[in-house]
Amino acid sequence: MWSMKERNLEDGKDKEMITVKAVTLEQHVEYTRQCEGKDFQITRLLGAFRSCISENGHILLKEYLSGWEELIKFMDSLGMVFGFISQETTTKINIMRGHLTGNSDEYHTLQSMVRYELDRGLVNFKELPQDQVPSGCRTLLRLHRALKWLQLFLYKLSTSTSQDNTGELCALAYEKALAHHHSWFVRQAAALAFLAMPPRRELLQVICVREEEEAQLVLSTAAKAIVRVYNLTQDVYEAYGMLELP
Ligand SMILES: CCCCCCCCCCCCC/C=C/[C@@H](O)[C@H](COP(=O)(O)O)NC(=O)CCCCCCCCCCCCCCC
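Residues numbered from 1 in each chain as written. Predicted model: local features only at pLDDT ≥ 70, side-chain atom pairs only at ≥ 80, totals over all residues. Heavy atoms only, no water.

Time to look at the environment of Gln151. Looking at the element boundaries, Gln151 is found in helix H7 (residues 136-158). Given a relative accessible area of 11%, Gln151 falls into the buried group. For the pair formed by Gln151 and Ala223, sequence separation is 72 residues and the distance between their alpha carbons is 5.0 Å. (Helix = DSSP H or I, 4+ residues; strand = E, 2+ residues; numbered from the N terminus. Buried < 20%, exposed > 50% of the residue type's maximum accessible area, 1.4 Å probe, protein only.)

And the structure:
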C-alpha cells in the first residue's frame, strides 16, 4: 500500500500522495502529544530540516542548526555511550553559533556565509593552525557529511524489519558515508557505539512512533527532507571546490 503511493509520487501524481501523507502525518503529530515529556521528537526534527530551505533554495543556518540540536537530544536520550558523538556535534554547533553571533546577516544562509568567508580569505584550504577558530565553511562541512550518514540510516531504518540489527544498519551507513573521513581511532570508537544501539523496537519508541506503517512514513519523510537539504548543500560545496576542506 505504502510503496504503491510512493510510486505514484515518483510518477508525478504527487497530489494524492501529499493528501494521504498529510492525514497520516497529522495522526502521527496527534500521537506525539502523548510523548510530550520526551525531549526528542522526530516531528520537530522534520520541521527544522524542512524550514531550513528558503523559497529560493538557500539553506537558512539558524533553522539548520536547530535540526542538529534536535539530533543532539536524540543522542543524549540514548545514553552515555553516545556521549562523545553528541559532544563532538555540540562542539561543531557551538563554533557555528559563535560565527552567527554578531554576524547574523553574513551567516544568515549557507550561501551568504560562503561568500562572506571566501571574500575575506577566512576559509583555510590548507591545514588549519591550532590556535585559529575553524571557519563556518569547514565546520558545516563536517555536519554536512554526517547528514549523509543520517539520511542513509533513516532510509535503512524505514525499510528494515524488527529482525534487523540497528547497530549493523548504523555501521553500513557509516562505512558508506563517513568512515573514510575519519581517523582510525574515531572509526573504532564509532564501531563500539554502534554495538550499543538499542533494538529497532526501542528506537521507534524513542522516535515516538507506534506501528510499522507509521514508522515507515515518519522515517522516510524525514529521510527525504534531509536529502533535499543535503543535496542543496552539496551543490554549494561542489561549486566552490570546498568538499575536501582540511
Ligand atoms: C545515535 C547513533 C549515532 C551514530 C552516529 C554516526 C556517526 C559516528 C561518528 C561520529 C564520530 C564523532 C567523533 C569525532 C569526529 C571528528 O573527528 C569528525 C571530524 O571533525 P574534525 O575534522 O574537526 O576532526 N567530526 C565529525 O565528523 C562530525 C560528526 C558529527 C556526528 C553527528 C552524528 C549525528 C547522529 C545523529 C543520530 C540521530 C539518529 C536519529 C534517528 C531518528
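Moving on, we come to the packing of aromatic side chains. Scanning the model with the defined rule gives four aromatic pairs in all. Aromatic side chains Phe49 and Tyr64 sit 6.0 Å apart centroid to centroid with 90 degrees between the ring planes, which places their arrangement in the edge-to-face category. Of this pair, Phe49 sits in helix H3 (residues 42-51) while Tyr64 sits in helix H4 (residues 61-77), and the two are 15 residues apart along the sequence. Judged by its relative accessible area of 0%, Tyr64 falls in the buried class. Judged by centre distance (5.1 Å) and plane angle (10 degrees), the ring pair of Trp149 and Phe153 falls under stacked. Pair noted here: Trp149 and Phe153 are both in helix H7, with a separation of four residues, about one helical turn. Take Phe153: its relative accessible area is 4%, and that puts it in the buried class. (Phe/Tyr/Trp six-rings, centres within 6.5 Å; stacked < 30°, edge-to-face > 60°.)

Below, the discussion takes up the packing of H7 against helix H8 (residues 166-177). It is at 9 Å that the axes of H7 and H8 come closest, and there the two elements cross at 140 degrees. Viewed along their axes, H7 and H8 adopt a mutual orientation that is oblique. Here H7 and H8 pass one another in a crossing that is right-handed. Note on element contacts: H8 touches H7 through Thr166, Leu169, Cys170, Leu172, Ala173, Tyr174, Lys176 and Ala177, opposite Arg145, Lys148, Trp149, Leu152, Phe153, Lys156 and Leu157. A breakdown of the residues in the contact of H7 with H8 according to their chemical character gives ten nonpolar, one polar and four charged. (Axes fitted to C-alpha atoms, helices over the stretch in contact; angles between N-to-C directions. Parallel < 35°, antiparallel > 145°, perpendicular 65-115°, else oblique. Left-handed = near helix turned anticlockwise from the far one by under 90°. Contact = heavy atoms within 4.5 Å. Nonpolar A, V, L, I, M, F, W, Y, C, P; charged D, E, K, R; others polar.)

The subject of this paragraph is the environment of Leu122. Mapping Leu122 onto the fold places it in the loop between helix H6 (110-119) and H7. Classification of Leu122 as partly exposed rests on a relative accessible area of 36%. Taking the C-alpha atoms as reference, Leu122 lies 8.9 Å from Gly136; in sequence the two are 14 residues apart. Once you skip the residues sitting within four places of it in the chain, Leu122 turns out to touch Tyr116, Glu117 and Ser135.

Here the focus is the layout of surface pockets. Of the voids in this model, the largest pocket is the one considered here, and its volume is about 910 Å³. Along its surface, the largest pocket is lined by 37 residues, and Ile85, Thr89, Ala146, Leu178 and His182 are the ones closest to its centre. Counting residues per element, the lining of the largest pocket draws most heavily on H7, which supplies ten residues. Grouping the amino acids of the lining of the largest pocket by side-chain chemistry returns 28 nonpolar, four polar and five charged. (1 Å grid on protein atoms, 1.4 Å probe; cavity = no way out; pocket = protein on both sides within 12 Å on 5 of 7 lines; lining within 4 Å. Points joined across faces, edges and corners; volume = space filled by probe spheres on them.)

Viewed as axis vectors pointing N to C, H3 and helix H11 (residues 212-239) meet at an angle of 25 degrees, and their least axial separation amounts to 9 Å. Relative to H11, H3 is oriented roughly parallel. For the pair H3 and H11, the crossing hand works out as left-handed. Contact with H3, carried on its side by Ile42, Leu46, Phe49 and Arg50, involves Val218, Leu219, Thr221, Ala222, Ala225, Ile226 and Val229 of H11 and no other residues of that element. Classifying every residue of the contact of H3 with H11 by side-chain character gives nine nonpolar, one polar and one charged.

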